[in-house]
Each structure stands twice: as C-alpha cells, then as structure tokens.
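If you want the building blocks of each chain, they are given just below.
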Amino acid sequence: KEGDDTPRFLRGLQLEEDGENSGGMTKSNKNNNNHSRENDTTYHDLIKVVPKMDPNIVTFNTMIDACHRAGDLDAGLEALQYMKSHTNLEPDARNYTSLISTVARRPTRSSGASDPDLAFTLFQEMVEIMSIRPNGMTYCALIDVCGRCRRSDLALKGLRMMLRQKAQEEKD
C-alpha cells in the first residue's frame, strides 16, 4: 500500500489490545470485517508478539522459511533486511540458504522467474560481506536455482565452488 512503511512480511498481522494473538483480528473487527487503522499495531510491536521477548535467530529463520514456502522472495528479503537493520542479530547460513532456494520460483520485484543472478548475489553477500561459510545445503540450493532456470553452466559453476571449498577445508 502507498504510504505504508510496514514490511510486506508483517502486513495484515494484528494483535489484540491486550497483546494476545487473535489470528489476525483485532477486538473491534472480530464481529465485522471493517478494518480500522487505529487498532493496528506497528510492525515494531508485531515482531515482539510475546511481551518482553525479543526475536532471536530462530524467529527470523522461521519467518524466512515461511516466506520460502509461500514463494514470497520479496518478503523474505525484507525480513533479512529488517533483522540486519533493526536487531543485533547476525544472519546465518540458514537465512541465506532459505532465501537462495526461493529465487526463481516465480517472478518478483527482486528477481525474474528464470534469473539465477540474485541467488549468486545473495551467495556472494553471505560469503564475502557477512563472512558466513556456506554448507552443503547452501550449495544444493544454489545449484537447484540454476536447474530451475535451465542454466546447467551456472549449476556446474556452483558445483565447482563447492568442490573448491571442500578441497580448501581438507588443506586446512
């Protein structure tokens, strides 16, 4: 929506005034379907559903995995960005693996349905900027994206990257 600064991955979620989860309905609209902005909570409050409990890495892994299962890459990317900019948490391999595996499932604002470039960009960010060591699942996700895009040349590139990492680990 225009002018709505709530991240897409949190839109539509609402809490009762007493803080209990009400399945997306506020007290004022449980009995009717009229939506009232004054009953909305901000996304800063929504990320803290349980009072006095901050989200942890599992919270974000679960959210990003839900975005993956829904095929909503944009919401998953927003969740990662929110975690990096609004918390003291550091992303992990699972965050990035879930996002990489969501690339090229359908066209999104961030990526086309047959474009593996974002998967390689996420992989590069994970390794070079965040200093996160990819695991076997990360490489499989990257190779799978290339397969969905019918890019066997890039799938082979992902396999070579994995084999180089394995050879380097055996040296060390």
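Residues numbered from 1 in each chain as written. Predicted model: local features only at pLDDT ≥ 70, side-chain atom pairs only at ≥ 80, totals over all residues. Heavy atoms only, no water.

S.K.: Explain the packing of aromatic side chains residue by residue, including any values.
M.R.: One pass over the structure, following the stated rule, counts two aromatic pairs. Ring centres of Phe123 and Tyr139 lie 5.3 Å apart, and the angle between their planes is 55°; this geometry places the pair in the tilted category. On the criterion of sequence distance, the pair formed by Phe123 in helix 5 (residues 117–129) and Tyr139 in helix 6 (residues 136–148) is long-range, its members being 16 residues apart. (Phe/Tyr/Trp six-rings, centres within 6.5 Å; stacked < 30°, edge-to-face > 60°. Helix = DSSP H or I, 4+ residues; strand = E, 2+ residues; numbered from the N terminus.)

S.K.: How would you sum up helix 4 (residues 93–102)? Please name residues and give values.
M.R.: With nine of 10 residues buried, helix 4 lies mostly within the body of the structure. Of the residues making up helix 4, those classed as buried are Ala93, Asn95, Tyr96, Thr97, Ser98, Leu99, Ile100, Ser101 and Thr102. The elements touched by buried residues of helix 4 are helix 2 (57–70), helix 3 (73–86), helix 5 and helix 6. Two residues or fewer after helix 4 comes Ala104, characterised by a positive phi angle close to 70°. (Buried < 20%, exposed > 50% of the residue type's maximum accessible area, 1.4 Å probe, protein only. Contact = heavy atoms within 4.5 Å.)

S.K.: So, the packing of helix 2 against helix 4: which residues are in play, and what are the values?
M.R.: For the pair helix 2 and helix 4, interaxial distance at closest approach is 9 Å and the crossing angle is 5°. Classified by the interaxial angle, the pair formed by helix 2 and helix 4 is roughly parallel. Judged by residue contacts, Ile57, Phe60, Asn61, Ile64, Asp65, Cys67 and His68 of helix 2 engage Arg94, Asn95, Ser98, Leu99, Ser101 and Thr102 from helix 4. Split by residue class, the contact of helix 2 with helix 4 holds five nonpolar, six polar and two charged. (Axes fitted to C-alpha atoms, helices over the stretch in contact; angles between N-to-C directions. Parallel < 35°, antiparallel > 145°, perpendicular 65-115°, else oblique. Nonpolar A, V, L, I, M, F, W, Y, C, P; charged D, E, K, R; others polar.)

S.K.: With reference to specific residues and values, describe the pattern of salt bridges.
M.R.: A complete count under the given rule lists seven salt bridges for this structure. Notably, a salt bridge pairs Arg69 with Asp65, separated by 2.9 Å at the nearest N-O pair. In this pair, Arg69 and Asp65 are both assigned in helix 2, four residues apart and thus about one turn of the helix distant. Across the pair Asp153 and Arg151 runs a salt bridge whose closest N-O atoms are separated by 2.8 Å. By relative accessible area, which is 41% here, Asp153 ends up partly exposed. (Salt bridge = Lys/Arg side-chain N within 4 Å of Asp/Glu carboxyl O.)

S.K.: Give a description of the side chain of Asn61 that names residues and reports values.
M.R.: Following the sequence through the fold, Asn61 ends up in helix 2. There is a polar contact of 2.5 Å between the side chain of Asn61 and the side chain of Asn95. The contacts of Asn61, once residues within four sequence positions are left out, are Asp92, Arg94 and Asn95. (Polar contact = N/O pair within 3.5 Å; in protein donor to acceptor, adjacent residues only side chain to side chain.)

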